[in-house]
Amino acid sequence: AQRVTQPEKLLSVFKGAPVELKCNYSYSGSPELFWYVQYSRQRLQLLLRHISRESIKGFTADLNKGETSFHLKKPFAQEEDSAMYYCALIRDGGNYQLIWGAGTKLIIKP
Amino acid sequence: GAGVSQSPSNKVTEKGKDVELRCDPISGHTALYWYRQRLGQGLEFLIYFQGNSAPDKSGLPSDRFSAERTGESVSTLTIQRTQQEDSAVYLCASSRVSYEQYFGPGTRLTVT
């Protein structure tokens, strides 16, 4: 079964410290994975997509097929990074439905 | 351009009443999704519309929930005989046939 697991409901780190938000997936084919973010009082929005291999707001995520992981990382956290982060996987069938993780709330302490 | 809009932004209703939530997707977006987000929980998929195809209703939690979409425009999510456990934020998203979903601001439903 296709599944996305975000093991941490809450992650709290100090400003300037490295951040790693964990995401593990279960998928039989070649996965396509994403990170979405929801800042306070804002809409949920796409942060990054593994295929594009880009860094957005200092965040990167590498797909590790051996470990079936897609962890989101940033070397130096900033207070504005505080938000809810969701990992998602495109579902089989080609209709672009996403399977969502439960989300991790990231709090950056000053 | 305008993003996805939802109305009402907040709805308080009494247990047992019916409610109707509305979503206006971005023009030209063929796909439309409804999600439920309970307090402190992740996104729960409800229903998915894609063009003129039959909707994927596999996420609807009970037959009290239904949704319609007129062509590639407005969608309404109806909850009949509301229960307290229906209290949540209901999110709508739309997309072209691609991976990026554009979300609305949500409707916060409170059932008293």
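Here, every reference points to the structure presented above.
Residues numbered from 1 in each chain as written. Chains lettered and ligands numbered in written order. Predicted model: local features only at pLDDT ≥ 70, side-chain atom pairs only at ≥ 80, totals over all residues. Heavy atoms only, no water.

*Asks:* Any chance you could break down the pairing of strand S3 (residues 19-24) of chain B for me, citing the residues and the numbers?
*Replies:* Residues and elements named next belong to chain B. On S3, burial follows the alternation: Val 19, Leu 21 and Cys 23 on one face are buried, whereas Glu 20, Arg 22 and Asp 24 on the facing-out side are not. Alignment of strand S1 (residues 5-7) against S3, held across 3 bridges, turns out to be antiparallel. Bridging from a neighbouring strand, Ser 5 pairs with Asp 24 of S3. By the bridge criterion, 5 bridges tie S3 to strand S7 (residues 75-79) in an arrangement that is antiparallel. (Buried < 20%, exposed > 50% of the residue type's maximum accessible area, 1.4 Å probe, protein only. Helix = DSSP H or I, 4+ residues; strand = E, 2+ residues; numbered from the N terminus. Pairing = 2+ DSSP bridges.)

*Asks:* Lay out the state of the cysteines in plain terms, naming residues and giving numbers.
*Replies:* Residues and elements named next belong to chain B. For the structure shown, the criterion picks out 2 disulfides over all chains. Note on cysteine connectivity: Cys 23 is disulfide-linked to Cys 92, with sulfurs 1.9 Å apart. Here the S-S torsion is close to -65°, and the disulfide linking Cys 23 with Cys 92 is therefore left-handed. Residue Cys 23 is found in strand S3, and its partner Cys 92 is found in strand S8 (residues 88-95); the two are separated by 69 residues along the sequence. On the accessibility criterion, Cys 23 (0% relative accessible area) is buried. (Disulfide = S-S within 2.5 Å.)

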